[in-house]
Amino acid sequence: MTRPSEDNGRPRAPGTGERPSLPDALYEAGLPVDMLTDEQRLVLSELTEEELAVLLDIKGRLDAVEPEVQAHGEIAGGALF
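Bear in mind the structure is a predicted one, so any value in this text is a computation, not a measurement. (Residues numbered from 1 in each chain as written. Predicted model: local features only at pLDDT ≥ 70, side-chain atom pairs only at ≥ 80, totals over all residues. Heavy atoms only, no water.)

(A) View of the pattern of salt bridges. Enumeration over the complete set of coordinates arrives at three salt bridges. The closest approach of N and O atoms between Arg61 and Asp57, which form a salt bridge, is 2.6 Å. Taken together, the positions of Arg61 and Asp57, both in helix α3 (residues 49-75) and four residues apart, correspond to about one turn of that helix. Residue Asp57 is classed as partly exposed on the basis of its relative accessible area, which comes to 37%. The shortest N-O distance in the salt bridge between Asp63 and Lys59 comes to 2.6 Å. Highlighted residues: Asp63 and Lys59, both in helix α3, separated by four residues, approximately one helical turn. (Salt bridge = Lys/Arg side-chain N within 4 Å of Asp/Glu carboxyl O. Helix = DSSP H or I, 4+ residues; strand = E, 2+ residues; numbered from the N terminus. Buried < 20%, exposed > 50% of the residue type's maximum accessible area, 1.4 Å probe, protein only.)

Next up, the structure:
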């Protein structure tokens, strides 16, 4: 997923017709940020460096166990997950 071009790189408030810009790390981590609302993007655009690091760490942990969870979902027909 690539980051869309932003003109000034600063977050923009919802309702202005422009989407708040997000840290490149969110795109690089493969988070589905293009599916978020402007309000959700604004929240993510305002994360501190520490909060961003925690979010990316959690994403990495979830990705590490994803194949196991997907396999259970396919075997059990998604009944358990």
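Next comes the rest of the write-up.
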